[in-house]
Structure formats: structure tokens, C-alpha cells
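If you want the building blocks of each chain, they are given just below.
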Amino acid sequence: MAKAKPAQQSSFGKWAVIGAVLVALYALCSYLDANVDKFFAMTPDALNAAVQTSLTTARMAGQEKNSTYVVDTLLGNLVKTYPDLDLQTHFRNKDEWVFNNAGGAMGSMFIIHASITEYLIIFGSAVGTEGHTGRHTADDYFHILTGQQRCYAAGDLSPLIYNPGDVNLMERGVVRQYMMEGETWALEYAAGWIPPMLPFGLADMMSSTLDYVSFYHTCRITAREMIKNLLRGKI
Ligand SMILES: *[C@@H]1O[C@H](CO)[C@@H](O)[C@H](O)[C@H]1NC(C)=O
């Protein structure tokens, strides 16, 4: 009996500490979440300007349907826009491309930038695809470069249609069915908390395609870029 009371007190103390830690963690997460935009290095406007400039260049050269030409020109413009970001530009190196299966859609991607709060990729397919956009913790700007994307939300009976130069903005939490008609490539910019998006991007690979080689390379390239940027002080 004499021992029961101190034991109860210490267990109460333990729960008080755990409670305080949880409250502090919640406060920290809420604070970081409310200020996530302070970590962003890129802006949708500057990215859009780079896209429009490269599409104009491609049109003037009669190459607006040439995805290689458009991507090449765009990467050059992005480096000029963000010379300090150490963007990845070797899109002609096939080792830097990976297949991505997510939400039933299949495409391939080239990572230009990946950090904790932003990613910038070339995403698309040479043959087209269709699937679920996923429900994300970041705002997603999908700039069409070549081809066409169509999408809709449940309840809409007609699609939204995006052509080269158009931006499909998928706000955090918005969910749609989308399709890309034939050869379609886009510059995809996501700004928000990137790590919670990764399970969606990798789930189909683990549960459906069992393409562990693509899984390995996706993790390898993403981790390499995120760590590189962390070491450069980019969250
Ligand atoms: C497309 O653009 C690339 C890069 O500029 C070029 O090498 C290729 O010849 C072009 N293809 C066509 C069909 O013009």
C-alpha cells in the first residue's frame, strides 16, 4: 500500500510528459505547416514564364510538337531562371528517367529538383495514360508542354481540357480522374510537404507492377536530390 502512491504519481508524471511532448509536436507541425511557403525557392509565375518562353521558341522553330525540343529549351530556360538551384538537366541520359505507376496511371519522369517542400519534374507518357490523381499534401501545378490532358472531379459530367501552355492547378486535397491523350509531356511543380506524397507515388510499384528496379531508381534519385538540397540548405 505504501508503495502504490509513488508509483501512481510517477506514471501520472510520465503521461504528463508524453502529453506535453505531443502538444508541443502538434504546435510545431501546425506552425511549420502554416509557414511552409517560406521554404519555397520557386514560384509558379516564374515557372510559367519559362514554359511560355520555351513554347514560343519551339513554335518559331516549327518544333512545338517535338517533345525533345520543347523539354530541351525549357530546361535551358529553367537554369537561367534559377541559376543557384543546381537543377538536373541531363534528360537525354536515360539512367535519369524512371517509370512511375501511381493511382492506376503509368508514366515516366525526370527529376529536375526534389527537396522536402518542392519538386519539379518532367512527367508524361509517349503513349498516353489514365488514372487517379491522388490526394496530396502539396499544391500541384501541371504545365502542359505537348499533347493534352483532360480531367474532372466526381460530379462533373464534362472534362476540363488542358493544351500546351495551359496549367492545371491541383490544389492540396483536390482529387480527380485524369487522362493524357497520346504523347503528352508536362512540367509538374509540387509545392508543400513532399514526403507524405511519396507513398502514393510508390504504392502501385509495390502492390501491382512489382517493378523493383524502377522502385530502386526512384528512391535512389529522389533521395540523392533531397539530400543534395538539404546539404545546400534547401528544405
Ligand atoms: C526534335 O528536336 C531535337 C532536339 O532539338 C532534334 O534533335 C530532333 O531532330 C527534332 N526532331 C524532329 C523530327 O525535328
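Quantities reported herein were computed from a predicted structural model and do not represent experimental measurements. (Residues numbered from 1 in each chain as written. Predicted model: local features only at pLDDT ≥ 70, side-chain atom pairs only at ≥ 80, totals over all residues. Heavy atoms only, no water.)

So, about the UniProt feature "transmembrane region" (unreviewed entry) in the chain. Those residues carrying the UniProt feature "transmembrane region" (unreviewed entry) are residues 12–32 in this numbering. Summarising residues 12–32: 100% helix, 0% strand, and an end-to-end C-alpha distance of 30 Å. (UniProt positions renumbered as here; feature names shortened; annotations may be inferred. Helix = DSSP H or I, 4+ residues; strand = E, 2+ residues; numbered from the N terminus.)

Our focus in this paragraph is the pattern of salt bridges. Following the criterion strictly, the structure yields eight salt bridges and no others. Notably, a salt bridge pairs arginine 172 with aspartate 33, separated by 3.1 Å at the nearest N-O pair. One end of the pair, arginine 172, is in the loop between strand S7 (167–170) and strand S8 (177–192); the other, aspartate 33, is in helix H1 (residues 4–34), and 139 residues separate them in sequence. The residue lysine 228 makes a salt bridge to glutamate 225 at a minimum N-O spacing of 2.8 Å. Pair noted here: lysine 228 and glutamate 225 are both in helix H5 (residues 212–231), with a separation of three residues, about one helical turn. Accessibility classification places lysine 228 together with glutamate 225 in one group, the buried group. Salt bridges sharing common partners tie together Asp86, Glu96, Arg224, Glu225 and Lys228. (Salt bridge = Lys/Arg side-chain N within 4 Å of Asp/Glu carboxyl O. Buried < 20%, exposed > 50% of the residue type's maximum accessible area, 1.4 Å probe, protein only.)

Right, let's talk about the domain arrangement of the chain for a bit. What the domain assignment lists for the chain is domain 1 (2–34) and domain 2 (41–231). Put simply, the middle of domain 1 and the middle of domain 2, counted by C-alpha atoms, are 42 Å apart. (Domains from an automatic or database assignment.)

Around the ligand, a shell composed of Gln63, Asn66, Thr68, Tyr69 and Arg92 is seen. A distance of 3.4 Å separates an oxygen atom of the ligand from a polar side-chain atom of glutamine 63. Here the ligand, which alone exposes 360 Å², has 39% of that area covered by the protein. Residues that form the shell around the ligand fall into these classes: one nonpolar, three polar and one charged. (Near = heavy atom within 4 Å. Polar contact = N/O pair within 3.5 Å; in protein donor to acceptor, adjacent residues only side chain to side chain. Areas by Shrake-Rupley, 256 points an atom, 1.4 Å probe, with all protein chains shown as cover. Nonpolar A, V, L, I, M, F, W, Y, C, P; charged D, E, K, R; others polar.)

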